[in-house]
Amino acid sequence: MTFIEQITEDIKSAMKARDTKSLEALRGIKKELIEAQTKGASHELAEADIMKILQKMVKQRQDSAQLYTEQNRPDLAEEETSQAEVISRYLPKALSQEEVEEAIRKIISEVGATSPKDMGKVMGVASKQFAGRADGKMVSDLVKSILAQA
């Protein structure tokens, strides 16, 4: 079963359960995936591409929720937060900061990075390794701080 077929089945389940919040998020996921398929050369999306799309969607919802909270609109913020939670269910479990830091130290030793000038080498490997499992900003900040200590 492809990922889009899984989402379609989950949409059916949400409709039967009359779960409007999940239904809206699931329809959003399906829309984004279908759009990505039609834009791409191949008709099947790679798992990494799907995870990038889902991460982007979660980040957008979280940013919107934060903005709504700042503007004193808790009703809209709660809706965005619940959609982000539904979308997050389809993402792999995120790595903790300690796990990411340990993996970055390993990457640094593998690529032979010795100073902050080597950040590009480290980030190239790290971004591929952590795709969908760690926040890019956190990875970047950790790489900077570890290389600054070296």
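The preceding data block contains the structure.
Residues numbered from 1 in each chain as written. Predicted model: local features only at pLDDT ≥ 70, side-chain atom pairs only at ≥ 80, totals over all residues. Heavy atoms only, no water.

**Thoughts on the packing of aromatic side chains**
- Tallied over the entire structure, the rule returns 1 aromatic pair.
- With centroids separated by 5.8 Å and ring planes inclined at 85°, the aromatic side chains of Phe3 and Tyr90 adopt a geometry described as edge-to-face. Remark: Tyr90 occurs in the loop between α4 (74–88) and α5 (97–111) and Phe3 occurs in helix α1 (residues 3–17); sequence separation between them is 87 residues. (Phe/Tyr/Trp six-rings, centres within 6.5 Å; stacked < 30°, edge-to-face > 60°. Helix = DSSP H or I, 4+ residues; strand = E, 2+ residues; numbered from the N terminus.)

**Notes on α1**
- Its 15 residues place the ends of α1 21 Å apart at the C-alpha level, agreeing with the 21 Å of an ideal helix rising 1.5 Å per residue.
- Every buried residue of α1 is accounted for by Phe3, Ile4, Ile7, Asp10, Ile11 and Ala14. Summarising the axial view, the buried residues of α1 lie within an arc of 115°, below the 170-degree limit, and thus occupy one face.
- Once α1 ends, the next one or two residues include Arg18, with phi positive near 55°. (Expected span 1.5 Å × (residues − 1). Buried < 20%, exposed > 50% of the residue type's maximum accessible area, 1.4 Å probe, protein only. Arc of directions from axis to C-beta.)

**Looking at the environment of Val58**
- With respect to the helices and strands, Val58 occurs in helix α3 (residues 47–70).
- On the basis of relative accessible area, Val58 is assigned to the buried category, the value being 7%.
- Measuring from C-alpha to C-alpha, the distance between Val58 and Asp75 comes to 18 Å, with 17 residues separating the pair along the chain.
- Apart from the residues within four sequence positions on either side, Val58 is in contact with Ala84, Ile87, Ser88 and Leu91. (Contact = heavy atoms within 4.5 Å.)

**A look at the environment of Ser64**
- By secondary structure assignment, the location of Ser64 is in helix α3.
- Residue class for Ser64 comes out partly exposed when judged on its relative accessible area of 25%.
- Ser64 sits 15 residues away from Glu79 along the chain, and the two C-alpha atoms are 9.9 Å apart.

**Re the side chain of Gln83**
- Tracing the chain through its elements places Gln83 in helix α4.
- For Gln83, a relative accessible area of 6% puts it in the buried group.
- Excluding residues that lie within four positions of it along the chain, Gln83 makes contacts with Lys21, Glu24, Ala25 and Arg61.

**Focus: the pattern of salt bridges**
- Tallying each qualifying case throughout the model produces 10 salt bridges.
- Note that Lys12 and Glu9 form a salt bridge whose closest N and O atoms lie 3.5 Å from each other. Pair noted here: Lys12 and Glu9 are both in helix α1, with a separation of 3 residues, about one helical turn.
- Residue Glu9 is classed as partly exposed on the basis of its relative accessible area of 36%.
- Between Lys121 and Asp118 there is a salt bridge, and its shortest N-O distance comes to 3.7 Å.
- Relative accessible area serves as the criterion here: at 48%, Lys121 is assigned to the partly exposed category.
- What emerges from the salt-bridge pattern is a single network uniting Lys31, Glu32 and Glu35. (Salt bridge = Lys/Arg side-chain N within 4 Å of Asp/Glu carboxyl O.)

**Notes on the nonpolar core**
- Membership of the largest hydrophobic core comes to 22 residues, with the highest contact counts inside it found for Phe3, Leu26, Ile29, Leu33 and Leu54.
- Counting residues per element, the ones that place at least two in this core are α1, α2 (20–39), α3 and α4.
- Core analysis: the second largest hydrophobic core is formed by 17 residues, Ala103, Ile108, Ala134 and Leu142 among them. (Core = buried A, V, L, I, M, F, W, Y, C linked by side-chain atoms within 4.5 Å.)

Don't take any of this as a statement about function, it's just geometry.
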